[in-house]
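Below, each chain spelled out in residue letters.
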Amino acid sequence: MGTEMTVANASSAARTEILRRIRVAKGGTSTEAAAQSGWGHVTREYRRTSALETEALLELLEDRLRDYDAHVVRVGADDVADAVSKILTTRGKRRIVVPDGLTAEWLPEGFEFVTDDGMSATSLDAFDGVITGSTVAIAVTGTVILQNIAGQGRRAVTLVPDYHLCVVKATDVVETVPQAMEKLSGTSELTTTFFSGPSATADIEMTRIKGVHGPRHLDVILIM
Amino acid sequence: MSGVALDPKTSPVFPMAAKAALGDTQMRKNVRHATNVIQTKRGRVVGEMPDWQQLREAGKQIRQHTMEHLDFYLEQFEENCTRVGGVVHWARDAEEAKRIVTGLVKASGSDEVIKIKSMTTEEIHLNDALEAAGIHAYETDLAELIIQLGQDQPSHIVVPALHKNRQQIREIFQRKMNLPELGESPQDLADAARMFLREKFLRVKTGVSGANFLIAETGGVCIVESEGNGRMCLTLPETLITIAGIDKVLPRFQDLEVVLQLLPRSATGERMNPYNSIWTGVKEGDGPRAFHVVLMDNARTEILADKEGRQTLNCIRCGACQNVCPVYRQTGGQAYGSVYAGPIGAILTPQLQEMHHAQSLPYASSLCGACYEVCPVKINIPEVLIHLRNKVVKQNTAGIVGLFDVEAGAMKAMAMIFKSERRFRAAQRLGRMAETPLVRKDGRGVGWIGWLPGMLGGWTQVRDLQEMPKETFRDWWEKRRTNGN
């Protein structure tokens with residue numbers, strides 16, 4: 001208790017001192033109104049909208065995802081389970097973890113799908129892979145965004161298994177980063193992960209190497 | 001190779017360190033190769049963006065605005081982070097920050113931590129402090145792991161091991177991971193690192209990270225990375241301790257739409273880096289149960305107080321200025337004696353030392369302006385370099401110490417000579433006599449001086465000086481008049 005008090009006091013003294021130094025450095029204290037008004041005056045003349053037709057938009061996303069070593073297929077809404085079956089068979093994956101709330105119609109017969117119930121990292125490590133949905137995808141950067149909601153789950157589920165199959169709806173695809181951030185603005189406090197292709201590094205002689213610590217392979221099913 | 005942290009307080013001055021670095025041809029080759037690759041990629045993906053200049057302008061304005069209201073945004077971040085279950089700590093300097101982090105790790109009940117690459121923890125030599133407290137830190141970024149196992153020092157903000165090639169990395173891994181049969185392809189090396197670290201990710205219960213951005217509006221933290229080691233450290237441990245400079249704050253969630261476009265393209269030439277994580281406080285069942293943020297000043301308020309130097313704080317640590325800098329590309333990063341190398345390091349490091357150390361760094365530049373052109377938030381690095389050179393000179397010539405400053409004395413003498421025509425002519429005559437023993441004639445009969453004594457030797461260290469003309473312009477002009485031509 002005694003130590004905790006001392007730590008709290010020290011931190012509070014540090015806080016007071018740092019804020020004092022900032023105010024002296026700037027010559028005054030900032031107010032919420034001044035900050036808000038100043039923020040509103042930032043010039044934002046960069047692209048915030050898209051002029052692409054749906055087909056061109058999806059082609060751009062596919063192209064950029066492939067550039068990041070992801071494998072992409074397009075299917076109709078009724079053919080997702082078939083596509084999942086084909087991909088998992090080709091990859092040789094059988095035992096798959098899925099987050100709570102994943103659309104049941106996406107899952108084909110003949111595989112072992114286990115719903116995550118908060119299992120340990122070691123248990124997750126024993127799976128062949130994971131299947132999730134997604135919140136939004138950015139075409140121009142080849143990025144898919146996951147949040148902690150039904151069908152996407154907690155972060156460890158898409159991180160520990162060696163393989164990730166992600167389902168993206170065409171209606172959730174935007175062209176630019178600002179459009180994606182706008183879509184996320186209502187849920188900005190949810191835990192959020194952006195991924196652009198599988199895990200990668202270029203730390204050794206700037207050679208791109210796939211799969212260091214996250215999933216080593218990424219497949220994307222794009223639902224029309 | 002000493003494994004001693006790069007410390008501006010004890011490192012040799014840049015001209016000495018650079019001279020030694022220039023002799024390491026393998027390092028120069030590795031650095032040139034890596035910076036060429038990044039620059040080419042960067043050029044390609046920046047060229048794809050028709051609105052790049054508008055993004056740079058917005059980035060600059062957002063960063064400037066943040067610094068103008070830094071007190072408000074830090075308090076707002078603290079309030080929101082606390083609201084969602086985080087615990088915020090404040091640290092005036094490196095010592096205080098290290099004390100807080102060490103205390104928090106001990107309180108977590110662990111004597112090991114997994115770490116994400118973080119320049120801020122490098123800046124304060126956190127690993128040494130943890131080690132001294134009996135806590136072992138595992139670096140999990142591939143490049144940082146190479147540095148840690150090789151007892152080396154980082155040489156680049158974004159790609160800390162770019163001075164090492166695959167044979168050198170293989171040798172380190174063979175030795176430290178006990179893998180005599182290890183192959184030398186980059187894939188073999190990455191696989192070895194994956195095996196080595198996965199066990200740590202699954203076992204160690206405490207993580208330490210830096211932060212790319214703190215979001216005042218939500219209390220959220222954002223980290224960008226590519227390997228997934230960041231996600232591992234942020235997600236799997238029970239306790240997460242994030243340490244960030246007070247300059248890392250962003251006003252609103254929406255501002256990520258600008259910096260998340262500027263940073264990856266500038267840093268590694270990617271349209272987006274493979275992973276971005278945004279987390280806000282503690283989430284039931286998802287990630288650590290305890291989350292701490294340490295907000296560290298460590299002389300950043302000193303920089304804020306300097307109107308000309310303040311823009312240094314706008315830096316988002318992309319490293320683009322290092323890759324284009326002709327000086328960095330020859331000397332590598334370690335010659336700068338600081339974890340912040342290259343042009344941004346040349347202005348950031350001396351200011352973080354309150355101008356008491358690293359005073360040679362503002363001179364470690366050709367002032368060519370390439371760094372300003374690539375900076376995604378338009379920091380005018382050459383302008384700050386010149387400003388800091390002024391500060392260094394003023395500081396060294398002020399007070400009693402200034403009376404004994406040889407350079408300042410020489411400048412005063414020069415000023416006295418230039419004020420009087422008679423003294424100037426006398427100095428010229430004296431100069432011609434004094435240089436005589438130093439002049440050597442070349443094949444065409446032109447006189448050159450290859451060595452000057454004392455302080456003047458700095459000039460002739462890397463270039464020869466032509467001898468003074470036998471006849472000055474004034475002499476020639478006067479002769480011409482008397483001859484009546």
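Nothing here was measured: the structure is a model prediction, and the numbers come from that model.

## Some remarks on the overall build of chain B
Next, step 1: Along chain B, the regular secondary structure elements total 23 helices and 13 strands.
Next, step 2: Based on the C-alpha atoms only, the size of chain B along its principal axes is roughly 100 × 55 × 50 Å.
Next, step 3: For chain B, with 485 residues in total, the buried portion stands at 58%.
Next, step 4: Pairs at least 24 residues apart make up 73% of the contacts formed inside chain B by residues separated by at least 6 positions.
Next, step 5: Working note: accessible area of chain B is about 20300 Å², and carbon and sulfur atoms make up 55% of it.
Next, step 6: Taken as two groups, the 60 positive and 56 negative side-chain charges of chain B have centres that lie 8 Å from each other.

## Points about the overall build of chain A
Next, step 1: When helices and strands are tallied, chain A shows six helices and 12 strands.
Next, step 2: Taking 17 Å as the expected radius of gyration for a compact globule of 224 residues, we find that chain A reaches 22 Å, considerably beyond that expectation.
Next, step 3: Considering only C-alpha atoms, chain A reaches an extent of 65 × 55 × 40 Å along its principal axes.
Next, step 4: Taking all contacts inside chain A whose residues are at least 6 apart in sequence as the whole, residues at least 24 apart take part in 71%.
Next, step 5: About 9400 Å² of surface is accessible on chain A, with carbon and sulfur atoms providing 50% of the total.
Next, step 6: Side chains of chain A give 23 positive and 30 negative charges; the mean places of these two sets differ by 8 Å.

## A look at helix α18 (residues 381-397) of chain B
Residue and element names in this part refer to chain B.
Next, step 1: Counted at 1.5 Å a residue, the expected span for α18 with its 17 residues is 24 Å, and the 24 Å between its end C-alpha atoms agrees.
Next, step 2: Listed as buried for α18 are Ile 381, Pro 382, Val 384, Leu 385, His 387, Leu 388, Arg 389 and Val 392.
Next, step 3: Regarding α18, its N-cap is Asn 380, as a side-chain oxygen of that residue lies 3.1 Å from the backbone nitrogen of Glu 383 further along.

## Topic: the nonpolar core
Next, step 1: Counting 171 residues, the largest nonpolar core has Val 173 and Phe 194 of chain A together with Phe 77, Phe 173, Leu 256, Leu 295 and Tyr 336 of chain B as its most contacted members.
Next, step 2: It is helix α12 (residues 256-268) of chain B that provides the largest number of residues to this core, a total of seven residues.
Next, step 3: Residues from two domains meet in this core; each of domain 1 (1-45) and domain 2 (50-223) of chain A gives at least three.
Next, step 4: Look past the residues within four positions of Leu 256 of chain B in its chain and what remains in contact with it is Met 181 of chain A together with Phe 213, Ile 215, Cys 222, Leu 250, Gln 261 and Ile 278 of chain B.

## Some remarks on the pairing of strand β9 (residues 275-280) of chain B
Next, step 1: For β9 of chain B, the tally of buried residues reaches six of six residues, placing the bulk of the element in the interior.
Next, step 2: Neither face of β9 of chain B is left uncovered, since the one carrying Tyr 275, Ser 277 and Trp 279 of chain B and the one carrying Asn 276, Ile 278 and Thr 280 of chain B both have all their residues buried.
Next, step 3: Looking at chain direction, strand β9 (residues 192-195) of chain A and β9 of chain B are connected through four bridges and run antiparallel. Looking at the pairing, Phe 194 of chain A lines up with Asn 276 of chain B of β9 of chain B.

## Things to note about the sheet that holds strand β13 (residues 465-466) of chain B
Residues and elements named next belong to chain B.
Next, step 1: With antiparallel pairing, three strands are arranged side by side in an open sheet as β11-β12-β13. Both edges of this open sheet fall to β11 (439-441) and β13, since each of them pairs with a single strand only.
Next, step 2: Sheet analysis places strand β12 (residues 447-449) next to β13, joined by two bridges and oriented antiparallel. Bridging across to β13, Trp 448 finds its partner in Gln 466.

## Concerning the confidence of the model for chain B
Caution applies to low-pLDDT regions: their predicted coordinates should not be interpreted in detail.
Next, step 1: Mean pLDDT over chain B works out to 92, with 98% of the residues at or above the 70 mark.
Next, step 2: Model confidence for the complex is summarised by a pTM of 0.90, with the ipTM given as 0.95.

## Observations concerning the interface of chain B and chain A
Next, step 1: Residue-level contacts link 95 residues of chain B with 80 residues of chain A.
Next, step 2: Regarding the contact of chain B and chain A, the summed buried area is about 7700 Å², with carbon and sulfur atoms giving 57% of it.
Next, step 3: Connecting chain B to chain A are 18 salt bridges.
Next, step 4: On inspection of chain B and its partner chain A, the count reaches 47 residue pairs in polar contact (both at pLDDT 80 or more).
Next, step 5: In terms of residue count, helix α10 (residues 186-203) of chain B provides more of the side of chain B that touches chain A than any other element does, 11 residues in total.

## Overview of unusual backbone geometry
Next, step 1: The backbone phi angle of Met 206 of chain A is positive, close to 60°, even though this residue is not glycine.
Next, step 2: You can see Met 206 of chain A is positioned in the loop between β10 (200-201) and β11 (209-210).
Next, step 3: The backbone phi angle of Asn 298 of chain B is positive, close to 45°, even though this residue is not glycine.
Next, step 4: Considering the arrangement of structural elements, one finds Asn 298 of chain B in the loop between β10 (290-296) and α13 (300-305).

## Looking at the packing of aromatic side chains
Residues and elements named next belong to chain B.
Next, step 1: Applying the stated criterion to the full structure yields nine aromatic pairs over all chains.
Next, step 2: Ring centres of Phe 418 and Phe 424 lie 5.6 Å apart, and the angle between their planes is 35°; this geometry places the pair in the tilted category.
Next, step 3: Ring centres 5.8 Å apart and planes at 40° place the aromatic pair Phe 473 and Trp 476 in the tilted group. Linking Phe 473 with Trp 476, this pair stays in helix α23 (residues 473-482), spanning three residues, or about one helical turn.
Next, step 4: A connected cluster of aromatic rings, assembled from ring pairs, spans Phe 14, Tyr 328 and Tyr 336.

## Focus: the packing of helix α3 (residues 52-68) of chain B against α12 of chain B
Residues and elements named next belong to chain B.
Next, step 1: The interhelical angle for the contact between α3 and α12, taken along N-to-C directions, is 115°, at an axis separation of 9 Å. One finds that α3 runs roughly perpendicular with respect to α12. Here α3 runs over α12; the crossing is left-handed. Listed contacts from α12 to Trp 52, Leu 55, Arg 56, Ala 58, Gly 59 and Ile 62 of α3 are Val 258, Gln 261, Leu 262, Arg 265 and Ser 266.
Next, step 2: Grouping the amino acids of the contact of α3 with α12 by side-chain chemistry returns six nonpolar, three polar and two charged.

## Section: the UniProt feature "domain: LUD" (unreviewed entry) in chain A
Next, step 1: Within this numbering scheme, the UniProt entry marks residues 126-223 of chain A as carrying the feature "domain: LUD" (unreviewed entry).
Next, step 2: This span, residues 126-223 of chain A, is 8% helix and 37% strand, and a straight line between its end C-alpha atoms measures 29 Å.

Rules used throughout
Residues numbered from 1 in each chain as written. Chains lettered and ligands numbered in written order. Predicted model: local features only at pLDDT ≥ 70, side-chain atom pairs only at ≥ 80, totals over all residues. Heavy atoms only, no water. Helix = DSSP H or I, 4+ residues; strand = E, 2+ residues; numbered from the N terminus. Buried < 20%, exposed > 50% of the residue type's maximum accessible area, 1.4 Å probe, protein only. Contact = heavy atoms within 4.5 Å. Areas by Shrake-Rupley, 256 points an atom, 1.4 Å probe, with all protein chains shown as cover. Lys, Arg positive; Asp, Glu negative; His and termini not counted. Charge placed at Lys NZ, Arg CZ, Asp CG, Glu CD. Rg over C-alpha atoms; globule rule 2.2 N^0.38 Å. Expected span 1.5 Å × (residues − 1). Polar contact = N/O pair within 3.5 Å; in protein donor to acceptor, adjacent residues only side chain to side chain. Core = buried A, V, L, I, M, F, W, Y, C linked by side-chain atoms within 4.5 Å. Domains from an automatic or database assignment. Pairing = 2+ DSSP bridges. pLDDT = per-residue confidence, 0-100. Buried area = accessible area lost by both parts, 1.4 Å probe. Salt bridge = Lys/Arg side-chain N within 4 Å of Asp/Glu carboxyl O. Phe/Tyr/Trp six-rings, centres within 6.5 Å; stacked < 30°, edge-to-face > 60°. Axes fitted to C-alpha atoms, helices over the stretch in contact; angles between N-to-C directions. Parallel < 35°, antiparallel > 145°, perpendicular 65-115°, else oblique. Left-handed = near helix turned anticlockwise from the far one by under 90°. Nonpolar A, V, L, I, M, F, W, Y, C, P; charged D, E, K, R; others polar. UniProt positions renumbered as here; feature names shortened; annotations may be inferred.

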